[in-house]
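Tertiary structure, described
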Amino acid sequence: MSFVRSLKCIDCGRQYSPGDSVSICTQCSEKGLGFGLLDPVYDYDKIGEKLNRDTLQDRKPSLWKYKEFLPISDESKIVSLQEGGTPLIKCENLSHEIGIKNLYIKNETVNPTFSFKDRAFTVIISRALEQGANIVAAVSDGNAGSSAAAYSAKAGIKCYVFTPSFAVSSKIIQMTMYGAKVFSVKGSLIDAGMLVIEACEKYGWFNITTAKVLNPYQTEGHKTLAYEICEQLGWKSPDWVISPVASGDSLGAIWKGFKEFHALGFIKGLPRIAAVQGQGAEPLVRAFKEGKQFFEVEQFEPETIADALCIGMVLGSWPLNTLKESNGNAVAVSDEEILKAQRLLATKEGIFVEPSSATTIAGLRRLINQGIIDKDETVVCVVTGSGLKVLDVAMDMCAKPVQIEPSMSELEKVL
Ligand SMILES: Cc1ncc(COP(=O)(O)O)c(C=O)c1O
Ligand SMILES: [Zn+2]
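To keep things clear, this report deals only with the structure shown in the data block. (Residues numbered from 1 in each chain as written. Chains lettered and ligands numbered in written order. Predicted model: local features only at pLDDT ≥ 70, side-chain atom pairs only at ≥ 80, totals over all residues. Heavy atoms only, no water.)

1. Re the packing of aromatic side chains
How two aromatic rings sit relative to each other is set out by the distance from centre to centre and by the angle between their planes. Condition: Any Phe, Tyr or Trp ring, taking Trp's six-membered ring, that has another such ring centre within 6.5 Å forms a pair; planes under 30 degrees apart are called stacked, those over 60 apart edge-to-face, and the others tilted. When the NZ atom of lysine or the CZ atom of arginine is within 6 Å of a ring's centre and also within 35 degrees of its normal, the charge is said to sit over that ring.
On inspection of all chains with the given rule, the structure shows 16 aromatic pairs. Here the guanidinium or amino end of Lys-212 rests over the ring plane of Trp-318, the centre of that ring lying 4.3 Å away. In this arrangement the basic side chain of Arg-286 is found over the ring face of Phe-300, its NZ or CZ atom lying 3.9 Å from the centre.

This is the structure in structure tokens:
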């Protein structure tokens, strides 16, 4: 049984019934792309009657332990690869290096396809099955496509992934390995996304792209990341959560997760949320710093080493609202800072993340230097994808192994 009671427009507040076949507010969408995003609202009274901290704590760690907060009616349709329940790691070495007391990493690289997108796709594919889908399609520059492909494989349905020309080959290999048919579109993420929309309309495929602008339920799975952090900190909110941002859908979902637990009395305080983007692909940071609305940021050609964050526009007010409501912040970090942070996290904590995820460590440094984050505050950096997904970048940074003959004298010469 689903506890979703309505879909609420985040711009005008109008409510729709979950049974209405709307994906965007009919009143606001006329204003342009990104207007009228809808957000699922649940029957929190009913959820509160059923759940409390103890009932949740008694369930085994996994994303689906929070099923009451997820938009699924038929549990038999759930497609799971054991996603979620990821570690929250206290990073003493890194804390010492950066000069902060309490630093935690939420390690999403250990999800089934090695990124946090699995949280979204276990929900998306389960819902698609509920609705009778047998062919699905998505646009993705990598991680979402791999996740879409893996969950489609598990569900036994056909999956098409459309990638923009800048998608890295290792991520394309991953999605292909799971059995997806991949189309490399000679154009941007937006070009590829438009093609998916047209193809889905023409062929009747389900568009499973992780974009709130296409489907209000697509990023609900990401909320569970916040629930886990609360539980792992002993039912407390950290002072800050720092997360990497492209569309900002996951950022908004994480904030929503904290607000839901707060409203139900599971945690007392709320965190401040910080968004990090790569310099050269920082539309949200520009909007935030310049006090602009999302649609006032002109679209531009993005460029950053953080391939999963390569975006040149803000798609809706969801992430900006998150930063404002949480009294948060946003920061852009250079390629050089990202690579340094990636190396630092690997060598100090043994966590190898992709450049897009290392932005959070680089961002933390900046926010401390700017006096925005205090050294006594508790910070959680969300690292969203594994370093093994983007080996080309790592390869350029690492020394080649020393070639030696299999003898001790040879070893001694080079030691
Ligand atoms: C590894 C990684 N981190 C962060 C993001 C940003 O997520 P969002 O588009 O929800 O802002 C993505 C999106 O593709 C990603 O793959
Ligand atoms: Zn509206």
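Alright, that's what it looks like, and here's the rest.
2. A few points about the side chain of Gln-342
The cut-off we apply is this: Numbering of helices and strands runs from the N terminus; a helix is a DSSP stretch of H or I covering at least four residues, while a strand is a stretch of E covering at least two. Any two residues whose heavy atoms approach within 4.5 Å are treated as being in contact.
Examined against the element boundaries, Gln-342 turns out to sit in helix H12 (residues 335-349). Once residues lying within four places of it in the same chain are set aside, the contact partners of Gln-342 are Phe-352, Val-353, Glu-354, Pro-355, Ala-358, Val-393 and Met-397.

3. Description of unusual backbone geometry
The condition that has to hold: Residue burial is assigned from relative accessible area. The probe radius is 1.4 Å, only protein chains are included, and a residue is buried under 20% of its type maximum, exposed over 50%, and partly exposed in between.
Phi at Gln-82 takes a positive value of approximately 65 degrees, unusual for a residue other than glycine. Under the relative-accessibility criterion, Gln-82 is labelled exposed at 69%.

4. So, the pairing of strand E13 (residues 378-383)
Where we set the bar: Between any two strands, at least two bridges found by DSSP are needed for them to pair.
Within E13, six of the six residues are buried, which leaves it mostly tucked inside the rest of the structure. Residues Thr-378, Val-380 and Val-382 line one face of E13 and the alternating positions Val-379, Cys-381 and Val-383 line the opposite face, and both faces are buried. Where strand E5 (residues 102-107) lies against E13, six bridges are found, and the strand directions are parallel. Directly across from Asn-102, in E13, lies its bridge partner Thr-378. As paired strands, strand E10 (residues 240-244) and E13 are joined by three bridges and run parallel to one another. Bridged to Val-241 within E13 is Val-380.

5. A few points about the sheet that holds strand E9 (residues 206-207)
Going by this rule: In this analysis an axis means a line fitted to C-alpha atoms, helices contributing only their contacting stretch, and an angle means the value between N-to-C directions, from 0 to 180 degrees.
If you trace the four strands from one edge of the open sheet to the other, you get E8-E7-E6-E9, paired in parallel fashion. The outermost strands of the open sheet, each flanked by one partner alone, are strand E8 (181-184) and E9. Pairing analysis gives two bridges linking strand E6 (residues 135-139) to E9, with the strands arranged parallel. Pairing of Ala-137 across the sheet is with Asn-207, part of E9. On the sheet, helix H7 (residues 189-203) packs against E6, strand E7 (158-163) and E9 and is oriented at approximately 160 degrees with respect to E6.

6. Quick notes on the site of ligand 1
Quick note on the threshold: We call a residue near a given molecule or strand whenever any one of its heavy atoms falls within 4 Å of it. Pairs of N or O atoms within 3.5 Å make up the polar contacts considered here, provided that, within protein, one atom can donate a hydrogen while the other can accept it, and that residues adjacent in sequence are counted only when both atoms are side-chain atoms. Note on areas: Shrake-Rupley with a 1.4 Å probe; residue coverage comes only from the protein chains shown. Put simply, Ala, Val, Leu, Ile, Met, Phe, Trp, Tyr, Cys and Pro go in the nonpolar bin, Asp, Glu, Lys and Arg in the charged bin, and everything else, Gly too, in the polar bin.
In the region of ligand 1, 15 residues are neighbours, and Asn-143, Ser-247, Gly-248, Ser-250 and Thr-384 sit closest. Residue Ser-247 places a side-chain N or O atom 2.8 Å away from an oxygen atom belonging to ligand 1. The protein chains hide 95% of the 390 Å² of surface that ligand 1 would expose on its own. Along the lines of polarity and charge, the residues of the shell around ligand 1 split into six nonpolar, six polar and three charged.

7. Notes on helix H6 (residues 169-177)
As a reminder, the rule being used: The arc refers to the directions leading from the helix axis to the C-beta atoms.
Burial in H6 covers these residues: Lys-171, Gln-174 and Met-175. Projected onto a plane normal to the axis of H6, the buried residues spread over an arc of 95 degrees and lie on a single side. Within H6, the exposed residues directed more than 90 degrees away from the buried face are Ile-173 and Met-177.

8. Quick word on the coordination of the zinc ion (ligand 2)
Definition in use: Only nitrogen, oxygen and sulfur atoms within 2.8 Å of the metal, or 3.2 Å for Na, K and Ca, are treated as donors, and water is left out, so sites may look incomplete. Square planar and octahedral assignments, for four and six donors respectively, both demand that opposite donors be over 155 degrees apart and that all other angles lie between 65 and 115; tetrahedral needs four donors with all angles between 85 and 135 degrees, and anything else is irregular.
In the first shell of the zinc ion (ligand 2), the protein supplies Cys-9 (SG), Cys-12 (SG), Cys-25 (SG) and Cys-28 (SG), at 2.3 Å from the metal. Each of the four donor atoms bound to the zinc ion (ligand 2) contributes to angles spanning 106 to 114 degrees, and the resulting shape is tetrahedral. Sequence spacing among the residues donating to the zinc ion (ligand 2) works out to C-x2-C-x12-C-x2-C. Accessibility assignment for this pair places Cys-25 and Cys-28 in one class, buried.

9. Details of the packing of helix H4 (residues 117-130) against helix H5 (residues 143-155)
Definition in use: In this scheme, roughly parallel covers angles under 35 degrees and roughly antiparallel covers those over 145, while 65 to 115 is roughly perpendicular and the rest are oblique. It is the rotation of the near helix from the far one that decides the hand of a crossing: anticlockwise by less than a right angle makes it left-handed, clockwise makes it right-handed.
Contact geometry for H4 and H5: axes closest at 9 Å, N-to-C directions at 45 degrees. One element, H4, and the other, H5, form an angle in the oblique class. In the crossing of H4 with H5, the sense of the turn from one axis to the other is right-handed. Across the interface between the two elements, Lys-117, Asp-118, Phe-121, Thr-122, Ile-125 and Leu-129 of H4 pack against Asn-143, Ala-144, Ser-147, Ala-148, Tyr-151, Ser-152 and Ala-155 of H5. Among the residues making up the contact of H4 with H5, the classes are represented as seven nonpolar, four polar and two charged.

10. Focus: the nonpolar core
Nonpolar side chains in soluble globular proteins tend to end up buried together. Here is the rule we go by: To qualify as a nonpolar core, a set must consist of buried Ala, Val, Leu, Ile, Met, Phe, Trp, Tyr and Cys residues joined through side-chain atoms within 4.5 Å.
Phe-69, Phe-258, Phe-261, Phe-266 and Leu-284 are the most contacted members of the largest nonpolar core, which totals 51 residues. When residues no more than four places from it in sequence are discounted, the contact partners of Phe-69 are Tyr-42, Ile-47, Leu-51, Glu-220, Lys-223, Tyr-227, Glu-260, Phe-261, Leu-264 and Phe-266. Counting 30 residues, the second largest nonpolar core, distinct from the first, contains Ile-105, Ile-242, Ala-341 and Cys-381.

Worth remembering: the numbers are spatial, not functional.
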